[in-house]
Amino acid sequence: MQLIPYLKTTFGLTDDLLEHLEQVAVTKRYLKKDIILDAAHYSRKVFFIEQGLVRMFYYKSGKAITHYFFSEQTFAAGTESVFYHKKSMYGIEALEPSIITLIPFDAIAELASHSIAMNKLIQTILLQALIGFSARLQSLQFETAQERYQKLTEQHPDILLRAPLGDIASYLGISQQTLSVIRSQR
């Protein structure tokens, strides 16, 4: 679903707000493996995934580690950049051909200064990030690799069909070999 219809149905934004966002938003097409946002860079944009699958990643010892996956009708952002004007340690990469709308956060913040609906949009973006990061931390701290894989199969089976196994393994915090063993036991 495109950004403007999504915002209208989900958040009930007025036509004036939608028109302003439509004027400042830019929709881009990305190919598989395109870097949408480099890790350790600064970006004040919010990314709305209209079509496709992307991953948020960071580098550890020179290796790209998958932090989170985002698919259709979700927002992604380097929260440190968007909300705190700092470089984000996370990058974003397209895992398949994707259509993404980039919205300048400054435009969202300006509209939010006099719109409760826009504030609800900001809350949603923040809550999605908080819930995702919290669930990820809880999973890595308290679940076994098998439990993390099982949860992924139950909650996001599409990711298993759409994302490369190496990215899934790094998301689960295991090696690709361990992932192969877990999958063979099912």
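The notes below deal with the structure included here. (Residues numbered from 1 in each chain as written. Predicted model: local features only at pLDDT ≥ 70, side-chain atom pairs only at ≥ 80, totals over all residues. Heavy atoms only, no water.)

**Quick word on unusual backbone geometry**
To keep it simple, the criterion reads: Secondary structure is summarised from DSSP: a helix means a run of H or I of at least four residues, a strand means a run of E of at least two, and numbering begins at the N terminus for each. Partly exposed residues are those whose accessible area sits between 20% and 50% of the maximum for their type, while under 20% is buried and over 50% is exposed, using a 1.4 Å probe and protein chains only.
Positioned with a positive phi, Lys33 is a non-glycine residue whose angle comes to about 80°. Among the structural elements, Lys33 can be located in the loop between strand S1 (26-30) and strand S2 (35-37). For Lys33, a relative accessible area of 59% corresponds to the exposed category. Positive phi values are uncommon outside glycine, yet Ala40 reaches one of about 65°. Positionally, Ala40 belongs in the loop between S2 and strand S3 (45-51). The class for Ala40 is partly exposed, based on a relative accessible area of 44%.

**Description of the side chain of Arg55**
The test is simple: The definition of a polar contact used here is a pair of N or O atoms within 3.5 Å, where within protein one atom must be able to donate a hydrogen and the other to accept one, and adjacent residues in sequence count solely through side-chain atom pairs. Residues are treated as being in contact if the distance between any of their heavy atoms lies within 4.5 Å.
Along the chain, Arg55 turns up in strand S4 (residues 54-60). Judged by its relative accessible area of 5%, Arg55 is buried. Looking at Arg55, its side chain comes within polar contact range of the side chain of Glu93, at 2.7 Å. Those residues in contact with Arg55 that lie beyond four places of it in its chain are Ala64, Ile65, Thr66, Tyr68, Phe69, Gly91, Ile92, Glu93, Leu95 and Asp167.

**What about the sheet that holds strand S5 (residues 63-70)?**
Condition: We call two strands paired when DSSP finds no fewer than two bridges between them. Axis angles are defined between N-to-C directions and span 0 to 180 degrees, where every axis is a line fitted to C-alpha atoms and, for a helix, only to the segment in contact.
A sheet is described by the order of its strands in space; here 4 strands give the open sequence S2-S7-S4-S5, paired in antiparallel fashion. Of all the strands in the sheet, just S2 and S5 have a single pairing partner and so form its edges. Shown here is a sheet whose adjacent strand axes are inclined to one another by a mean of 35°, direction ignored. Here S2 runs beside strand S7 (residues 91-94); their pairing, made up of 2 bridges, is antiparallel. Bridge pairing links Ile35 to Glu93 in S7. In the packing of helix H8 (residues 165-172) onto the sheet, the strands contacted are S4 and S5, and the crossing angle to S5 comes to about 85°.

**Side note on the packing of helix H2 (residues 15-24) against helix H4 (residues 105-112)**
The criterion, for reference: An angle counts as roughly parallel when it lies under 35 degrees, as roughly antiparallel when it exceeds 145, as roughly perpendicular when it falls between 65 and 115, and as oblique in every other case. Helix crossings are classified by the rotation of the near helix relative to the far one: an anticlockwise turn of less than a right angle makes the crossing left-handed, while a clockwise turn makes it right-handed. Residues are sorted three ways: Asp, Glu, Lys and Arg are charged, Ala, Val, Leu, Ile, Met, Phe, Trp, Tyr, Cys and Pro are nonpolar, and all the rest, Gly among them, are polar.
For the pair H2 and H4, interaxial distance at closest approach is 10 Å and the crossing angle is 165°. By the angle between their axes, H2 is roughly antiparallel relative to H4. The crossing of H2 and H4 is right-handed. Where H2 approaches H4, its residues Leu17, His20, Leu21 and Val24 are matched on the opposing element by Ala107, Ile108 and Leu111. Counted by class, the contact of H2 with H4 contains 6 nonpolar, 1 polar and no charged residues.

**Section: the environment of Met118**
On the secondary structure map, Met118 appears in helix H5 (residues 116-142). Met118 gets classed as buried once you look at its relative accessible area, which sits at 0%. As for Met118 and Lys45, which are separated by 73 residues in sequence, their C-alpha atoms are 15 Å apart. Not counting residues up to four positions away in its chain, the partners in contact with Met118 are Leu13, Leu17, Leu21, Ile108, Leu111 and Ala112.

**A few points about the nonpolar core**
This is how it is decided: We define the nonpolar core as a collection of buried residues of types Ala, Val, Leu, Ile, Met, Phe, Trp, Tyr and Cys that are connected through side-chain atoms lying within 4.5 Å of one another.
In this structure, Leu7, Leu13, Leu21, Phe75, Ile108 and Met118 are the most contacted members of the largest nonpolar core, which totals 25 residues. Among the elements of the structure, helix H1 (3-11), H2, S3, H4 and H5 are those that each provide at least two residues to this core. Those residues in contact with Leu21 that lie beyond four places of it in its chain are Ile4, Leu7, Leu13, Ile103, Ile108, Leu111 and Met118.

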